[in-house]
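A structural walkthrough
As a plain string of letters, each chain reads:
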Amino acid sequence: MKLKKVKLDIYELKIIINSLNEMRNSLIAHKKETNVIDELLLKYINILES
């Protein structure tokens, strides 16, 4: 797998986290798996906290 780096400011990072959380909530409402979204959310939240 080829990895790429993207530079984000705090505002952009918060938008991504918010969007992923909304997608997760939608999946939960439709009783679907959220594993992939959960992993991404944790990655972005860890970046925000560091």
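The notes below deal with the structure included here. (Residues numbered from 1 in each chain as written. Predicted model: local features only at pLDDT ≥ 70, side-chain atom pairs only at ≥ 80, totals over all residues. Heavy atoms only, no water.)

A short note on the pattern of salt bridges
Enumeration according to the criterion identifies one salt bridge in this entry. Linking Asp-38 and Arg-24 is a salt bridge whose minimum nitrogen-to-oxygen distance equals 2.5 Å. In this pair, Asp-38 is assigned in helix 2 (residues 35-49) and Arg-24 in helix 1 (residues 10-29), connecting sequence segments 14 residues apart. (Salt bridge = Lys/Arg side-chain N within 4 Å of Asp/Glu carboxyl O. Helix = DSSP H or I, 4+ residues; strand = E, 2+ residues; numbered from the N terminus.)

Observations regarding the nonpolar core
Counting residues in hydrophobic clusters, the biggest one holds five residues: Leu-13, Ile-17, Leu-20, Ile-37 and Leu-41. Tallying contributions element by element places helix 1 first for this core, with three residues. (Core = buried A, V, L, I, M, F, W, Y, C linked by side-chain atoms within 4.5 Å. Buried < 20%, exposed > 50% of the residue type's maximum accessible area, 1.4 Å probe, protein only.)

Some words on helix 1
The end-to-end C-alpha distance of helix 1 is 29 Å, a good match for the 28 Å that 20 residues give at a rise of 1.5 Å each. Residues of helix 1 that are buried include every one of Leu-13, Ile-17 and Leu-20, and no others. When helix 1 is viewed along its axis, its buried side chains cluster within an angular range of 65° and face the same direction. Across helix 1 from its buried face, at more than 90 degrees, point the exposed residues Tyr-11 and Ala-29. (Expected span 1.5 Å × (residues − 1). Arc of directions from axis to C-beta.)

Considering the packing of helix 1 against helix 2
Closest axis-to-axis distance for the helix 1/helix 2 pair is 10 Å, and the angle between their directions is 155°. Here helix 2 runs roughly antiparallel to helix 1, going by the angle between their axes. Considering only the axes of helix 1 and helix 2, their crossing is left-handed. When helix 1 is examined against helix 2, the residues Ile-10, Leu-13, Lys-14, Ile-16, Ile-17, Leu-20, Asn-21, Met-23, Arg-24 and Leu-27 are found in contact with a partner set consisting of Ile-37, Asp-38, Leu-40, Leu-41, Tyr-44, Ile-45, Ile-47 and Leu-48. (Axes fitted to C-alpha atoms, helices over the stretch in contact; angles between N-to-C directions. Parallel < 35°, antiparallel > 145°, perpendicular 65-115°, else oblique. Left-handed = near helix turned anticlockwise from the far one by under 90°. Contact = heavy atoms within 4.5 Å.)

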